[in-house]
Amino acid sequence: MDEHNLNSTFARYMSLNILGMVGMSGYILADTFFVAIRLGSDGLAALNLAISVFGFINGLGMMLGIGGATRYAICKAREDDREANASFTLSLIAGIGAGVVLVVFGLLFSQPLARLLGAEERILPMCAVYLRTAFLFAPFFILNHILVAFVRNDGSPKLAMAAMLVGSLSNIVLDYLFLYPLNMGIFGAALATGTAPIIGIAISLFGHILPGRSRFKAAPTGLSLRKMAAVAGLGIAAFINEFSSGITLVVFNLLVMHAAGTVGVAAYGVVANLALVVLSIFTGISQGSQPLLSHAYGMQDLDVVRRVYRKALALASVLGLAALGAALLFPGQLVALFNSEGNAALQAIAEPGLKLYFVGFLFVGFNFVTAALLGATEQAGASFRVSFFRGCLGIVPAACLFASLFGMTGIWLSFPAVELVTLFLSVRLGRRALAGVALPGGEAMAI
């Protein structure tokens, strides 16, 4: 592919996927904004404890969607339609099964889970209601991620973006409707969020699949656990990246609750939700590069693999600097957006926290893009190591250690510290991948 065509295709996939993922982050951001204004710091604290489950729910959907769609893109490049359709079928079956399990879990265990997440006294009922409603809509969140990933890899990134963006915009409208005219409280916020993926599913179905525009279809296939695990393995980085957001929320909430009480949890909620928007940008970069990397890998065009990877790194670096610049220049204004009560204690905790926490975005983009490269080229183990270290293995002990040594300042600094350490792992694995990617036939070729 010549440079002009590659630049044009790269710009299209990047812009559409970043816009779509920022739109999807609006699910939670809209809830945070309206709940903060309508229900105050108690509602904001309850919401911040409950939304950690979305990391797990969305992570499952992304793992099955991106994993299956990656396999689909590689098989299509090899002209193996049977295996391509099998990847879609297995993703669909696994997604439906996982969604049903989560619905049952939510009906039975929402209140105990709310207590486990740190909800106490007056915020416990609100937290439990939000959790129960979120789990009831889990099948739709998972299926929406699966369909969006396959539509994107089927050559329709614009429709995939529309499915994500329109769902998010509808969530904003419904948040206002349910919280203000209908006065439905935190249940209304959760209901608005749960409705959004249903709209996204409808757009994918009526815009691409049902009219017969899709090149994938559900086809009879053996329910092989080995094949299902292989499909999920290619999307493991996406799962860890999303799930780690939930892990970070849980761990940080417990540490902040101990260090600064409910107001501290509300302050962390403001920082975490602003960070969610920035993380969605990097997720958009990694998801936008994945179809290009997978197709080039399936075609054994490793020069394009290298060029797409480097372009994605450059874009992530620029946007990371922009995010940090905004946090350093406008911390008061950003925090005030979610501090409707003008709580001085919340403002005093969140403003310095925002500046310290956002230093991590200098390194996050490199880690996300490298994990996407490794997953898109069927190096699931290496992709898992990058994502698991930054999301689980590194952040949990670092947050606990830093909190014990430096209090709230340490909690804020643990995120950038772990991302910086992960950067060194990403550099090593990224160089190894670019030095000799294992090709579909089993051989390796130097780039």
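As the structure is a prediction and not an experimental result, all values here were calculated from the model. (Residues numbered from 1 in each chain as written. Predicted model: local features only at pLDDT ≥ 70, side-chain atom pairs only at ≥ 80, totals over all residues. Heavy atoms only, no water.)

**Focus: helix α15 (residues 395-406)**
Which entries qualify depends on this criterion: The helix and strand labels rest on DSSP assignments: H or I over at least four residues marks a helix, E over at least two residues marks a strand, and numbering proceeds from the N terminus. The span one expects for a helix is its residue count, reduced by one, times 1.5 Å. Relative accessibility under 20% of the residue-type maximum defines a buried residue, over 50% an exposed one, and the middle range a partly exposed one, all with a 1.4 Å probe and only protein chains included. To obtain the arc, one takes the directions from the helix axis to the C-beta atoms. A contact between two residues is defined here by any heavy atoms of the two lying within 4.5 Å.
End to end, α15 covers 16 Å across twelve residues, agreeing with the expected 16 Å (1.5 Å per residue, within 8%). For α15, the set of buried residues is I395, A398, A399 and A403. An end-on view of α15 places all buried positions within 125 degrees of arc, on one side of the element. Residues of α15 that are exposed and point more than 90 degrees away from the buried face comprise S404 and L405. Buried-residue contacts for α15 involve α9 (236-298), α14 (380-393) and α16 (408-435). Once α15 finishes, G407 follows within two positions and takes phi at roughly 65 degrees, a positive value.

**A few points about helix α5 (residues 138-153)**
When the terminal C-alpha atoms of α5 are compared, their 23 Å separation across 16 residues agrees well with the 22 Å that a helix rising 1.5 Å per residue should span. Counting buried positions over the 16 residues of α5 gives 14, a clear majority of the element. Immediately downstream of α5, the backbone of G155 shows phi near 90 degrees, a positive value.

**Structural notes on the pattern of salt bridges**
A side chain of one charge can pair with a side chain of the opposite charge if their charged atoms are brought near each other. Note the cut-off: The salt bridge definition used is simple: a Lys or Arg side-chain nitrogen within 4 Å of an Asp or Glu carboxyl oxygen.
Summed over the entire model, instances satisfying the criterion amount to seven salt bridges. Among the salt bridges present, the one from R306 reaches D303, with a minimum N-O distance of 2.5 Å. In this pair, R306 and D303 are both assigned in helix α10 (residues 302-329), three residues apart and thus about one turn of the helix distant. Using a relative accessible area of 31% as the deciding quantity, one classes D303 as partly exposed. R390 is paired through a salt bridge with E419; the nearest N and O atoms lie 2.7 Å apart. Of this pair, R390 sits in helix α14 while E419 sits in helix α16, placing them 29 residues apart in sequence. We classify R390 as buried; its relative accessible area is 6%. Sharing partners across several salt bridges, the network here consists of D303, R306 and R307.

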